[in-house]
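Per-entry structural report
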Amino acid sequence: MNSELVKKLRLPTDSDRVLVLDAPAGYMEQLGLGSKHTALDEHQAGSYEFVQMVFRSIRDVRQERPKHCRLSSRS
């Protein structure tokens, strides 16, 4: 586990309510997240203490963000 990265991300290490979307190979292991954190929740239902989305380019942000995020508009 990369404890410095975990600290910088403020990752709650004692929680099983962690969601990481599109993580590169080996990233979950680097964070020290086990199988209880890597189960796929394809609907992202419920609440999480930590959510991280990984993008590889600006184009990915434009294409993928709407699939994963519901943005609220402010009046």
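Residues numbered from 1 in each chain as written. Predicted model: local features only at pLDDT ≥ 70, side-chain atom pairs only at ≥ 80, totals over all residues. Heavy atoms only, no water.

Most peptide bonds take the trans configuration, and most residues that are not glycine carry a negative phi. Here the phi dihedral of Arg-10 falls at roughly 60°; this positive angle occurs in a residue that is not glycine. In this structure, Arg-10 sits in the loop between α1 (3-9) and β1 (18-21). (Helix = DSSP H or I, 4+ residues; strand = E, 2+ residues; numbered from the N terminus.)

Neither face of β1 is left uncovered, since the one carrying Val-18 and Val-20 and the one carrying Leu-19 and Leu-21 both have all their residues buried. Here β1 runs beside strand β2 (residues 50-53); their pairing, made up of four bridges, is parallel. Note that in β2 the partner of Val-20 across the bridge is Gln-52. (Buried < 20%, exposed > 50% of the residue type's maximum accessible area, 1.4 Å probe, protein only. Pairing = 2+ DSSP bridges.)

Another point: the packing of aromatic side chains. This structure, assessed with the given rule, holds zero aromatic pairs. Directly above the ring of Tyr-48 sits Arg-17, whose terminal nitrogen or CZ lies 4.3 Å from the centroid. (Phe/Tyr/Trp six-rings, centres within 6.5 Å; stacked < 30°, edge-to-face > 60°. Lys NZ or Arg CZ within 6 Å of the ring centre and 35° of its normal.)

What follows concerns the nonpolar core. Core analysis: the biggest nonpolar cluster contains 10 residues, these being Val-6, Leu-11, Val-18, Val-20, Tyr-27, Met-28, Leu-31, Leu-33, Phe-50 and Val-54. Counting only elements with at least two residues in this core, the list comes to β1 and α2 (27-30). Residue contacts for Val-54: discarding those within four places in its chain leaves Val-20, Leu-21, Asp-22, Ala-23 and Pro-24. (Core = buried A, V, L, I, M, F, W, Y, C linked by side-chain atoms within 4.5 Å. Contact = heavy atoms within 4.5 Å.)

Another aspect to go through is the pattern of salt bridges. What the rule picks out here adds up to one salt bridge. Of the charged contacts, one joins Glu-4 and Lys-8 as a salt bridge, the two residues approaching to 3.5 Å between their closest N and O atoms. Of the two residues, Glu-4 and Lys-8 both sit in helix α1, four residues apart, roughly one turn of that helix. According to the relative accessible area criterion, Glu-4 is exposed, its value standing at 53%. (Salt bridge = Lys/Arg side-chain N within 4 Å of Asp/Glu carboxyl O.)

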